[in-house]
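Listed here are the chains, written in short residue letters.
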Amino acid sequence: MKRSVLSATLGLALAAGLVALPATAATAAPTHAADGHAANARSASARSASDRSGYAGSADRAANDQAFFRAVMASARARQAAEPWLQTVTVTYDTTQAPSYTADIANAVQIWNSSVHNVQLQEAGGTGDFSYTEGDGSGSYASTDGHGHGYIFLDHQQTQEYYSLRIVAHETGHVLGLPDDYSGPCSELMSGHGPGTSCMNAHPDANESAQVDSLWANGAAPAN
């Protein structure tokens, strides 16, 4: 089965609109547990409002997440218009600006690729349809230039407070088209911070996987 790769050639058309990365994106990474999964929790009283808003999201961030997805989908549709027989879209990503999280990113991608069928994620060497980056900020989020390219920012402090793999998988879910649902249980990946710092689930549930497959049904064709 052929796959449509939203390749680095998109960058030629999009480079002028590329969003600048946070000024702290190149700062030193936090110390992670040896197994790459445990998070160092802070007490609830010590959490700042900015920490919580970063993972909890906001109306602006929700709109931005959807803009990111719509831009990537629009590029995918244009690609499929030239190759309408393609059934599976491959979205590419770059990890060079998030060296502390390469293991989490690889695991999150494996989780998503095994959970859905109509779209797959694939690492690109040095470029991609979106990038992962890291630093010290007000929380992790997905951001776009509105033209089919963007990045996922991973906040050092937040990935110590919450389970880092869940954060990476959660933010990647936005790229694939899923919105936040903070009232959901821990078993729901897009519930994000809602279940608290003890939640260690990094897998989408069956409904979330079905939503992604519906969004990407028939390759890049729009969902009914």
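Heads up: these notes are all about the structure in this document. Fair warning: this is a prediction, and the values are worked out from it, not measured in the lab.

Scoring rules and cut-offs
Starting afresh in each chain, residues are numbered from 1 along the sequence in its written order. Predicted model: local features are reported for residues with pLDDT of at least 70 only, side-chain atom pairs are reported and counted for 80 or more only, and whole-chain, interface and lining totals are derived from all residues. As a convention, hydrogens and water are excluded, and side-chain values are obtained from all of the structure's heavy atoms. By definition, any uninterrupted DSSP run of H or I lasting at least four residues is a helix, any uninterrupted run of E lasting at least two residues is a strand, and each is numbered from the N terminus. To measure how exposed things are, a 1.4 Å probe is used in the Shrake-Rupley method; for residues, cover is taken only from the protein chains shown. Nonpolar core, defined: a set of buried Ala, Val, Leu, Ile, Met, Phe, Trp, Tyr and Cys residues in which side-chain atoms within 4.5 Å join the residues together. The rule is simple: take the accessible area with a 1.4 Å probe, protein chains only, and divide by the maximum for that residue type; under 20% is buried, over 50% is exposed, in between is partly exposed. Whether two residues touch is decided by their heavy atoms; if any such pair falls within 4.5 Å, the residues are in contact. Put simply, a disulfide is two cysteine sulfurs that come within 2.5 Å.

### Here we look at the overall build of the protein
Of regular secondary structure, the protein possesses 7 helices and 6 strands. The order of α-helices and β-strands along the protein, N terminus first, is β-α-α-α-β-α-β-β-β-β-α-α-α. In the form shown here, the protein has an accessible surface area of approximately 9500 Å², with 55% of it arising from carbon and sulfur atoms.

### Details of the nonpolar core
Formed by 34 residues in total, the largest nonpolar core has its most connected members in Trp-112, Phe-130 and Tyr-132. Those elements that provide at least two residues to this core are helix 3 (59-82), strand 2 (88-97), helix 4 (102-115), strand 3 (119-123), strand 4 (130-135), strand 6 (150-155) and helix 6 (164-175). Leave out the neighbours within four places in its chain, and Phe-130 touches Phe-68, Val-91, Thr-92, Tyr-93, Asp-94, Leu-121, His-149, Gly-150, Ile-152 and Val-175.

### What to know about the side chain of Ser-131
Inspection of the secondary structure puts Ser-131 in strand 4. On the basis of relative accessibility, which here comes to 10%, the residue Ser-131 falls in the buried class. Leave out the neighbours within four places in its chain, and Ser-131 touches Asp-94, His-149, Gly-150, Tyr-151 and Ile-152.

### Brief notes about the state of the cysteines
Counting across every chain of the model gives 1 disulfide. Across the disulfide from Cys-186 sits Cys-199; the S-S distance is 2.0 Å. The disulfide joining Cys-186 to Cys-199 has a torsion of about 90 degrees about its S-S bond and is therefore right-handed. Taken together, the positions of Cys-186 in the loop between helix 6 and helix 7 (206-215) and Cys-199 in the loop between helix 6 and helix 7 put the pair 13 residues apart, joining distant regions of the chain.

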